[in-house]
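# Structural overview
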Amino acid sequence: MKPALLIAVAILTGCASLDQSACRNAYETGFRDAIFGLQRQDDIYAPACSRRGAQIDVARYAEGWQEGKYEFERRKMHGGVD
């Protein structure tokens with residue numbers, strides 16, 4: 001599967017499954033996005049969470065995303081992710 005298509009599917013899947021739980025669990029949401037190699041999505045999640053009556057903690061999202069990015073890079077260096 002082409003990388004651009006894979007990223008598009010992951011983004012659409014993430015947006016489609018965004019619920020109040022994902023909004024409340026900002027760290028886990030950020031980690032999940034980064035581990036899949038996605039760029040930060042907090043600018044997309046903030047209004048989407050707001051429409052669902054929730055708020056995303058952008059600082060916690062950023063922390064989770066950074067940790068996920070470290071893990072993504074570590075796995076990539078060791079051959080776990082191509």
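Residues numbered from 1 in each chain as written. Predicted model: local features only at pLDDT ≥ 70, side-chain atom pairs only at ≥ 80, totals over all residues. Heavy atoms only, no water.

## Topic: the overall build of the protein chain
Using the following cut-off: Each helix is a run of H or I in the DSSP string that is no shorter than four residues. Each strand is a run of E no shorter than two, and both are numbered from the N terminus. The classification of residues rests on relative accessible area computed with a 1.4 Å probe and restricted to protein chains. Under 20% of the type maximum is buried, over 50% is exposed, and intermediate values are partly exposed. The criterion used for residue contact is that any of the two residues' heavy atoms lie within 4.5 Å. The accessible surface values rely on the Shrake-Rupley method and a 1.4 Å probe; as for residues, cover is taken only from the protein chains in view.
If you tally the helices and strands in the protein chain, you get 5 helices and 0 strands. Across the 82 residues in the protein chain, those meeting the buried criterion constitute 29%. Here the contacts in the protein chain between residues at least 6 apart in sequence split such that 71% fall between residues at least 24 apart. Carbon together with sulfur atoms contributes 56% to the accessible area of the protein chain, which is approximately 5400 Å² in total.

## Digging into helix 5 (residues 58-77)
Stated precisely, the cut-off is as follows: Multiplying 1.5 Å by the residue count of a helix minus one yields the expected span of that helix. It is the directions from the helix axis to the C-beta atoms whose arc is reported. We define a polar contact as two N or O atoms separated by no more than 3.5 Å, with the added condition that, inside protein, one atom must be a possible hydrogen donor and the other a possible acceptor, whereas residues neighbouring each other in sequence contribute only through side-chain atom pairs.
For helix 5, which comprises 20 residues, the first-to-last C-alpha distance of 28 Å matches the rise-based estimate of 28 Å (1.5 Å per residue) to within 8%. Within the sequence span of helix 5, burial applies to Tyr61, Gly64, Trp65, Gly68, Glu71 and Phe72. Summarising the axial view, the buried residues of helix 5 lie within an arc of 130 degrees, below the 170-degree limit, and thus occupy one face. Turned more than 90 degrees off the buried face of helix 5, the exposed positions are Tyr70 and Met77. Two to three positions downstream of the cap, the backbone nitrogen of Ala59 sits 3.2 Å from a side-chain oxygen, assigning the N-cap of helix 5 to Asp57. A positive phi of about 85 degrees marks Gly79, the residue just after helix 5.

## A word on the nonpolar core
To be explicit about the condition: Buried Ala, Val, Leu, Ile, Met, Phe, Trp, Tyr and Cys residues form a nonpolar core when they are joined through side-chain atoms within 4.5 Å.
Counting residues in hydrophobic clusters, the biggest one holds 12 residues: Leu18, Ala22, Cys23, Ala26, Ala34, Tyr45, Ala48, Cys49, Ala54, Ile56, Tyr61 and Trp65. Broken down by secondary-structure element, the contributors of at least two residues to this core are helix 2 (20-24), helix 3 (26-35), helix 4 (42-51) and helix 5. Looking at which element gives the most residues to this core, the answer is helix 4, with 3 residues. Discounting residues that sit within four places of it in the chain, Ala34 has contacts with Trp65, Gly68, Lys69 and Phe72.

## Thoughts on the packing of helix 3 against helix 5
Two packed helices can be described by the angle between their axes and the distance between those axes. Spelled out, the test is: Fitted lines through C-alpha atoms serve as axes, helices being fitted only where they are in contact, and the angles separating the N-to-C directions of these axes extend from 0 to 180 degrees. Note that the term roughly parallel is reserved for angles under 35 degrees, roughly antiparallel for angles over 145, roughly perpendicular for angles of 65 to 115, and oblique for everything else. With the far helix as reference, a near helix turned anticlockwise by less than a right angle produces a left-handed crossing, and one turned clockwise produces a right-handed crossing. In this classification, the charged set is Asp, Glu, Lys and Arg, the nonpolar set is Ala, Val, Leu, Ile, Met, Phe, Trp, Tyr, Cys and Pro, and all remaining amino acids, among them Gly, are polar.
Between helix 3 and helix 5, whose axes approach to 6 Å, the crossing angle comes to 30 degrees. Compared by their axis directions, helix 3 and helix 5 come out roughly parallel. In the crossing of helix 3 with helix 5, the sense of the turn from one axis to the other is right-handed. Counting all contacts with helix 3, which are made through Ala26, Tyr27, Thr29, Gly30, Phe31, Asp33, Ala34 and Ile35, the residues of helix 5 involved are Arg60, Tyr61, Glu63, Gly64, Trp65, Glu67, Gly68, Lys69, Glu71, Phe72 and Arg75. Here the contact of helix 3 with helix 5 is composed, by residue class, of 8 nonpolar, 4 polar and 7 charged.

The values reported here are purely geometric and, on their own, carry no functional implication.
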